[in-house]
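Residue strings, one per chain:
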Amino acid sequence: MSNMNFEVRPIRADEWPAVKALRLRSLKDPAAPVAFLDTHEAASARPDSFWQERAAGSSDVSGAGGALQFVAEAADGTWVGSVVMLIEEAGTTDWAGFPVERRQGHVVGVFVLPEWRGGPVTKALFDAALEWAWGRGVEAVRLIVHEDNPRAQGFYRKAGFVPSGKVVPLEGREEEKELEFVLGKPA
């Protein structure tokens with residue numbers, strides 16, 4: 001873990017090249033096959049317009065777009081980690097086809113550079129994302145984690161998330177599954 005200082009903040013729409021670069025780097029990480037549903041090959045083939053739209057859609061602090069991406073930025077300007085918080089509305093259907101029963105946050109795209117793992121970066125990213133989601137009136141926050149990703153599961157449990165019992169099958173990877181973890185709104 002680096003000893004450098006860092007700041008956690010929402011991204012800006014014009015930072016799409018950095019959004020793209022960090023995402024592509026995350027998809028080359030050895031844990032990527034169990035951490036992300038995307039692949040480096042698929043992501044790197046997407047046009048710049050995709051990344052511009054993605055950054056624009058997750059940079060509006062007001063939450064009008066339903067998502068906000070947070071980055072941890074080192075003192076030298078390097079992005080060392082990221083997390084995205086989606087707001088899911090009751091009565092809709094999620095990405096896996098399950099009904100959304102309550103207004104909730106959904107944590108996706110968690111990534112921290114290997115040399116920054118094990119320190120305060122991931123917690124600071126989660127704290128910022130959770131604060132934003134609670135401020136938008138969500139009743140709970142959830143995330144989906146691969147059954148074979150014990151490091152991530154350990155962090156999520158330490159952060160207060162608990163398994164809900166819901167299992168999410170992976171299309172085209174029937175022998176694998178993702179587990180839903182949930183965090184209730186603090187009193």
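See above for the structure.
Here we summarise the structure given alongside this text.

Examining the nonpolar core
Reasoning step 1: By size, the foremost hydrophobic cluster in this structure holds 43 residues, and its most contacted members are M85, V141, L143, Y156 and F161.
Reasoning step 2: In terms of residue count, helix α5 (residues 120-135) provides more of this core than any other element does, eight residues in total.
Reasoning step 3: Residues within four places of L143 in sequence aside, it is in contact with H106, V107, F126, Y156, F161, L179, E180 and F181.

Section: helix α6 (residues 150-158)
For an α-helix, the turn length of 3.6 residues means that residues three or four places apart are oriented alike.
Reasoning step 1: Turning to α6, its buried residues number three or more, namely A152, Q153 and Y156. Projected down its long axis, α6 carries its buried residues within an arc of 100°, all on one side. Projecting away from the buried face of α6 at angles above 90 degrees are the exposed residues P150, R151 and K158.
Reasoning step 2: Positive phi shows up at G160, right after α6, with a value of about 105°.

Describing the environment of A152
Reasoning step 1: Checked against the element boundaries, A152 lands in helix α6.
Reasoning step 2: For the pair A152 and A35, spaced 117 residues apart in sequence, the C-alpha to C-alpha distance is 8.4 Å.

Cut-offs used in this document
Residues numbered from 1 in each chain as written. Predicted model: local features only at pLDDT ≥ 70, side-chain atom pairs only at ≥ 80, totals over all residues. Heavy atoms only, no water. Core = buried A, V, L, I, M, F, W, Y, C linked by side-chain atoms within 4.5 Å. Buried < 20%, exposed > 50% of the residue type's maximum accessible area, 1.4 Å probe, protein only. Helix = DSSP H or I, 4+ residues; strand = E, 2+ residues; numbered from the N terminus. Contact = heavy atoms within 4.5 Å. Arc of directions from axis to C-beta.

In short, shape yes, function no, at least from these values alone.
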